[in-house]
Each structure stands twice: as structure tokens, then as C-alpha cells.
Amino acid sequence: AISKETGIELSRRYLQSASSRYRAKILGQCATTFSSKYFSDDELWQAYSDSPKSVQRNVVENCKSGGCRLAFLQRVYEDDPSHNSNLIYWLGSDYLASQLEKTDNKNFVFKRWGAHGNVYIIYIRARMEVVKKDCLSQGEIWSDMERRIELNSMNSFH
């Protein structure tokens, strides 16, 4: 077996070449197999930025399925939030909570309840608290919450 260092060296060498035939596979492996100690998020970002969209999608999917590289995924999201809007649900709950407070987006959907259900509940409770003496406003908040919930993702929240 080859060492991680050798694997990283060979991967870096390939990624610096103009070839793109195996770029998605190699970059995906770098993202998920090698920790940021060996292949930094900055290196990953540079290789990602220099890659075609199809390779970029593959790298993001590898990171999401592997549950790794949250700092990298956050950078991808912040680089183009409109293009990567669903990526926010794969970032940490603290990040999602901070974005909920900032956004005025009425179309924001509450997805991935297993990961973020508590964030959504805290957000709704805080909105209800502001209007605790106004039953009509509380009803509007409730209706808004029902509209935002992605029902099939709530089944995973216990």
C-alpha cells in the first residue's frame, strides 16, 4: 500500500496538469479520503475553482455524502448562494441558524429535520415570542411554518 503522503503527492501532481479525464474522481478522493491536515481546504478550493462545473458538482456531492469538509462547503455556498442554495442544509446547525436570522427569504424551506429540527423550533419560538399577545400574528407565523416544512424530511425528526 502507498502512504497518504505519496497519495497526496500523486494527486497534487495530477491536479496541476491540464488533464481532466480523472479530475472528478481524484479531487473527490482528495476531499473525502485525505483530511485537511494533508490536503488543505485552500488547496481543495483552488482545484475546485479550476475545475469544470461537472467536477465541482461531484466534489460537493462527495463532501456531502461523506459528511466532511464543512469549511470548504461553506466557502462554496458563500461564493454563490443562489447557485448552491440547497448546500446550506449540509452546513452546521450554527451556521444555518445564523443565516435564518439574516434572511428575509419567505421561500426558505425547513429541510433535513434530523440535522436541523432544533434550529427551526428555536427560530419559530423566537418569532412567536415577539408577538405573544397577538393571536392573529401567531396564526400567520404558524401558517408560514407549515408552508415552509418539507414534509418528507420531518419524518426523520424525533
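Definitions and cut-offs
- Residues numbered from 1 in each chain as written.
- Predicted model: local features only at pLDDT ≥ 70, side-chain atom pairs only at ≥ 80, totals over all residues.
- Heavy atoms only, no water.
- Core = buried A, V, L, I, M, F, W, Y, C linked by side-chain atoms within 4.5 Å.
- Buried < 20%, exposed > 50% of the residue type's maximum accessible area, 1.4 Å probe, protein only.
- Contact = heavy atoms within 4.5 Å.
- Axes fitted to C-alpha atoms, helices over the stretch in contact; angles between N-to-C directions.
- Helix = DSSP H or I, 4+ residues; strand = E, 2+ residues; numbered from the N terminus.
- Parallel < 35°, antiparallel > 145°, perpendicular 65-115°, else oblique.
- Left-handed = near helix turned anticlockwise from the far one by under 90°.
- Nonpolar A, V, L, I, M, F, W, Y, C, P; charged D, E, K, R; others polar.
- Phe/Tyr/Trp six-rings, centres within 6.5 Å; stacked < 30°, edge-to-face > 60°.
- Salt bridge = Lys/Arg side-chain N within 4 Å of Asp/Glu carboxyl O.
- Expected span 1.5 Å × (residues − 1).

A. Highlighting the nonpolar core. Formed by 40 residues in total, the largest nonpolar core has its most connected members in Leu 15, Val 59, Phe 72, Phe 108, Phe 110 and Tyr 120. Leaving out residues up to four positions away in the same chain, Leu 15 has contacts with Arg 23, Ile 26, Leu 27, Cys 30, Phe 39 and Ala 47.

B. Summary view of the packing of helix 7 (residues 113-130) against helix 8 (residues 135-148). Across the interface, helix 7 lies against helix 8 with an axial gap of 9 Å and an inter-helix angle of 160 degrees. Relative to helix 8, the element helix 7 lies roughly antiparallel. Considering the relative orientation of helix 7 and helix 8, their crossing is right-handed. Contacts from Tyr 123, Ile 124, Arg 127 and Met 128 of helix 7 reach helix 8 at Gln 138, Ile 141, Trp 142, Asp 144, Met 145 and Arg 148. Here the residues of the contact of helix 7 with helix 8 sort into six nonpolar, one polar and three charged.

C. Local environment of the packing of aromatic side chains. The full count for this structure, using the stated rule, is ten aromatic pairs. Where Phe 110 meets Trp 113, the ring centres are 6.3 Å apart and the plane angle is 75 degrees; that geometry is what we call edge-to-face. The same class applies to Phe 110 and to Trp 113, which are both buried. With centroids separated by 4.4 Å and ring planes inclined at 20 degrees, the aromatic side chains of Phe 110 and Tyr 120 adopt a geometry described as stacked. Of this pair, Phe 110 sits in the loop between helix 6 (93-102) and helix 7 while Tyr 120 sits in helix 7; the two residues are ten residues apart in sequence, bridging distant segments of the chain.

D. Local environment of the pattern of salt bridges. With the rule as written, the count across this model stands at nine salt bridges. Of the charged contacts in the structure, one is a salt bridge between Asp 144 and Arg 147, with a shortest N-O distance of 2.6 Å. Placement of the pair is Asp 144 and Arg 147 together in helix 8, with a separation of three residues, close to one helical turn. Since its relative accessible area comes to 46%, Arg 147 is described here as partly exposed. One continuous salt-bridge network, built from bridges that share partners, spans Arg 127, Asp 144, Arg 147 and Arg 148.

E. Examining helix 7 more closely. For helix 7, with 18 residues, the first-to-last C-alpha span of 24 Å sits near the 26 Å given by 1.5 Å per residue. Taken together, the buried positions of helix 7 are Trp 113, His 116, Gly 117, Val 119, Tyr 120, Tyr 123, Ile 124 and Met 128.

F. Main features of the environment of Ile 149. Among the structural elements, Ile 149 can be located in the loop between helix 8 and helix 9 (151-154). Separated by 15 residues in the primary sequence, Ile 149 and Asp 134 place their C-alpha atoms 23 Å from one another.

Interpretation in functional terms is not warranted from these geometric data alone.
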